[in-house]
Amino acid sequence: MSEPFDAVQVIVAKRDGKVIPDPQIDWVVDAYTRGVVADEQMSSLAMAILQRGMTRGEIARWTQAMINTGVRLDFSGLGKATADKHSTGGVGDKITLPLAPLVASFGVAVPQLSGRGLGHTGGTLDKLESLAGWRADVSNEDMHAQLKDVGAVICAAGTQLAPADKKLYALRDVTGTVESIPMIAASVMSKKIAEGTGVLVLDVKVGSGAFMKDLDQARELARTMVDLGTDAGVVTSALLTDMSTPLGLAIGNANEVAESIEVLAGGGPADVVELTVALAREMLAGAGLRDVDPADALKDGSAMDSWRRMIAAQGGDPDTPLTLSPLTEEVRAEADGYVTRLDALGAGIAAWRLGAGRERQGAPVVFGAGIMLNKQLGDPVRKGDVIMTLYAETPERMSRGLSALGEACDGAGTIEVGDSPVERTLFLDSVGTRS
Ligand code: URA
């Protein structure tokens, strides 16, 4: 079959700063997914998009073209509102785990399609697999049944949702073209719109451990994604939150599940609780529930009930012992003062090297490997106090984790103790919020 356009024509148009006409966008995305447009052509186009940008119209069309390469789920038959959250990824970001059952405990269904760890950022599915028997793969029929019965599902996105994105994301990852706001927005939103949720709350991370290192870029990404969702009929809003330092005290897999369970039991670190409650409030407001307080469901056990049912429905044992790896090393303060830097990227890379992340695609993660923070950014310390504890299975992994901590921040290290207290601001901005 002859093709209506030529990839070079599309590449040259974007290279020269022109707007790509709609039919050419539809074609190039589809033809790339079919293997007609070659990887080297798409990587050249991705670089042109990264450098020249896209208009709002082009981004919307590109997103729709990616959705059209796969199926679109439909939860309209459930008889319940549906709400989902997407985080752009960070270190210690286990919020999906307590959040999904928390929102479900108010009768709003949460179809949470999640991913695996990428680089230094952890993956929700890897964390949940620390629970014996838990299955990430759920068929569309079982997903519907679980949403009706339990109200929350956290599972792997099937290959049939926006397959163009799967292929394009892998290409961007190896061609230095990930950091393009139009392409990140289209990538995230094509999957979320195809997933069929009625309400979407975005947690756009800002700081060293996030894709977006500065607030202005993060605002632009948030605004672009909120507009894409709104135009597609999804009630969409965004919180911009700090990722310059890890969230909570646990970085890894099993330890992040344990910390999430503490939050569901009414305890847990204040930052994890505050962010979980703020995102739940926004999801519930989007679904029309404005007069409820999600914090109540963490205290009265109803969120914990939903969690136990959600884990059991996917074959998991909610009472699995969540143990850490046997080798430990403590990192101690070298002076009296305050923790003035506890860098998210440094801690994330160290946890990854310790074994919490994967070495290459498809490799297993070590559930018990990772880091427990004994102090957080801004805490006062005395010389010799333990700031963090590292966990690994082998001495080799431990030494790789320790060197990653030291090399972070261009050799200045992940941790700094100084004289003046610093304060962390968790909530930096918002776009289109209703709560
Ligand atoms: N997450 C995605 O799903 N896509 C991107 O491009 C970046 C982060």
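Residues numbered from 1 in each chain as written. Predicted model: local features only at pLDDT ≥ 70, side-chain atom pairs only at ≥ 80, totals over all residues. Heavy atoms only, no water.

## Let's talk about the pattern of salt bridges
Where we set the bar: Criterion for a salt bridge: a side-chain nitrogen of Lys or Arg within 4 Å of a carboxyl oxygen of Asp or Glu. The helix count covers DSSP runs of H or I at least four residues long, the strand count covers runs of E at least two residues long, and both are numbered beginning at the N terminus. Working definition: with a 1.4 Å probe on protein chains only, accessible area under 20% of the residue-type maximum means buried, over 50% means exposed, and in between means partly exposed.
By the definition in use, this model includes 28 salt bridges. For Asp 216, the salt bridge goes to Arg 219, with nearest N and O atoms at 3.0 Å. Highlighted residues: Asp 216 and Arg 219, both in helix H10 (residues 215-231), separated by three residues, approximately one helical turn. Judged by relative accessible area, which is 32%, Arg 219 ranks as partly exposed. For Asp 336, the salt bridge identified is with Arg 382, shortest N-O distance 3.7 Å. On the criterion of sequence distance, the pair formed by Asp 336 in the loop between strand S7 (327-332) and strand S8 (337-342) and Arg 382 in the loop between strand S10 (380-381) and strand S11 (386-392) is long-range, its members being 46 residues apart. On the basis of relative accessible area, Arg 382 is assigned to the exposed category, the value being 55%.

## Observations regarding helix H15 (residues 344-356)
Which entries qualify depends on this criterion: Take the residue count of a helix, subtract one, and multiply by 1.5 Å to get its expected span. A 3.5 Å cut-off defines polar contacts: any pair of N or O atoms within that distance qualifies, except that in protein one atom must be a possible hydrogen donor and the other a possible acceptor, and neighbouring residues in sequence count only when both atoms are side-chain atoms.
Along its 13 residues, H15 runs just 15 Å from first to last C-alpha, ending more than 12% under the 18 Å computed at 1.5 Å per residue. For H15, the set of buried residues is Ala 344, Gly 346, Ala 347, Gly 348, Ala 350, Ala 351, Leu 354, Gly 355 and Ala 356. Two to three positions downstream of the cap, the backbone nitrogen of Leu 345 sits 3.3 Å from a side-chain oxygen, assigning the N-cap of H15 to Asp 343.

## So, the packing of helix H5 (residues 96-104) against helix H14 (residues 302-313)
So the rule is basically this: Axes here mean lines fitted to C-alpha atoms, for a helix over just the part in contact, with angles spanning 0 to 180 degrees between N-to-C directions. Any angle that is under 35 degrees is reported as roughly parallel, and any over 145 degrees as roughly antiparallel; angles of 65 to 115 degrees are reported as roughly perpendicular and all others as oblique. Any pair of residues with heavy atoms lying within 4.5 Å of one another is described as a contacting pair. Polarity classes work like this: nonpolar for Ala, Val, Leu, Ile, Met, Phe, Trp, Tyr, Cys and Pro, charged for Asp, Glu, Lys and Arg, and polar for all others, with Gly in that last group.
Following both chains from N to C, one finds H5 and H14 inclined at 110°, their axes separated by 8 Å at the closest point. By the angle between their directions, the pair H5 and H14 is classed as roughly perpendicular. Between H5 and H14, the contacting residues are Leu 97, Pro 101, Leu 102 and Ala 104 on the first element and Ala 303, Ser 306, Trp 307 and Met 310 on the second. Taken together, the residues of the contact of H5 with H14 break down into seven nonpolar, one polar and no charged.

## Notes on the site of the ligand
Selection rule: Any residue with a heavy atom lying within 4 Å of a molecule or strand is counted as near it. A 1.4 Å probe and the Shrake-Rupley method give the accessible areas. Residues count as covered only by the protein chains that appear here.
The local shell around the ligand consists of Tyr 169, Arg 172, Ile 184, Ser 187, Val 188, Lys 191 and Phe 211. Ser 187 has a polar side-chain atom sitting 2.6 Å from a nitrogen atom of the ligand. Protein burial of the ligand: of its 240 Å² of free accessible surface, 90% is covered by the chains. Looking at the shell around the ligand, the elements that each hand over two or more residues are helix H8 (163-173) and helix H9 (181-194). Partitioning the shell around the ligand into residue classes produces four nonpolar, one polar and two charged.

## Some thoughts on the sheet that holds strand S1 (residues 83-87)
What counts is decided by this rule: Any two strands between which DSSP finds at least two bridges are classified as paired.
A sheet is described by the order of its strands in space; here four strands give the open sequence S1-S4-S5-S13, paired in mixed fashion. Looking at the sheet topology across the chains shown, the edges are occupied by S1 and strand S13 (427-431). Between one strand and the next, the sheet's axes are offset by a mean angle of 20°, whatever the strand orientation. Note: strand S5 (residues 235-242) against S13, four bridges, orientation antiparallel. In the strand pairing of S13, Thr 241 is matched with Phe 427.

## Looking at the side chain of Thr 241
Locating Thr 241 in the fold gives a position in strand S5. Residue classification places Thr 241 among the buried positions, given a relative accessible area of 0%. Every residue in contact with Thr 241, bar those within four places of it in the chain, is listed here: Asp 203, Val 204, Lys 205, Val 206, Leu 275, Leu 426, Phe 427 and Leu 428.

## Details of the domain arrangement of the chain
Heads up, the rule is: The split into domains, and so the bounds of each, comes from an automatic or database assignment of domains. Defined in terms of a 1.4 Å probe, buried area is the accessible area two parts forfeit on being brought together, summed over both.
Assigned domains within the chain: domain 1 (7-53), domain 2 (76-320) and domain 3 (327-418). Using only C-alpha atoms to locate each centre, domain 2 and domain 3 end up separated by 25 Å. At the junction of the two partners, domain 2 supplies 23 residues and domain 3 supplies 21 residues. Taken as a group, His 120, Leu 249 and Ile 251 account for 30% of the area that domain 2 buries against domain 3, more than any other trio of residues on that side. Viewed at the interface, domain 3 and domain 2 are joined by one salt bridge. Asp 126 serves as the salt-bridge partner of Arg 358, at 2.9 Å between the closest nitrogen and oxygen. At the boundary of domain 2 and domain 3, one finds 12 residue pairs in polar contact (both at pLDDT 80 or more). Of all elements in the fold, only strand S6 (250-252) and helix H11 (254-264) reach the threshold of two or more residues within the side of domain 2 that touches domain 3. Counting residues per element, the side of domain 2 that touches domain 3 draws most heavily on S6, at three residues. Its residues assigned to classes, the side of domain 2 that touches domain 3 shows seven nonpolar, 12 polar and four charged.

## Section: the packing of aromatic side chains
Here is the rule we go by: Any two rings among Phe, Tyr and Trp, with Trp reduced to its six-membered ring, count as a pair given centres within 6.5 Å; such a pair is stacked if its planes are under 30 degrees apart, edge-to-face if over 60, and tilted if neither. Definition used: whenever NZ (Lys) or CZ (Arg) falls within 6 Å of the ring centre and also within 35 degrees of the ring normal, the charge is taken to sit over that ring.
Overall, the coordinates contain one aromatic pair when judged by the stated rule. The ring of Tyr 32 carries the charged tip of Lys 167 above its face, separated from the ring centre by 4.4 Å. The ring of Trp 352 is capped by Arg 353, whose NZ or CZ atom sits 4.7 Å from the centre of that ring.

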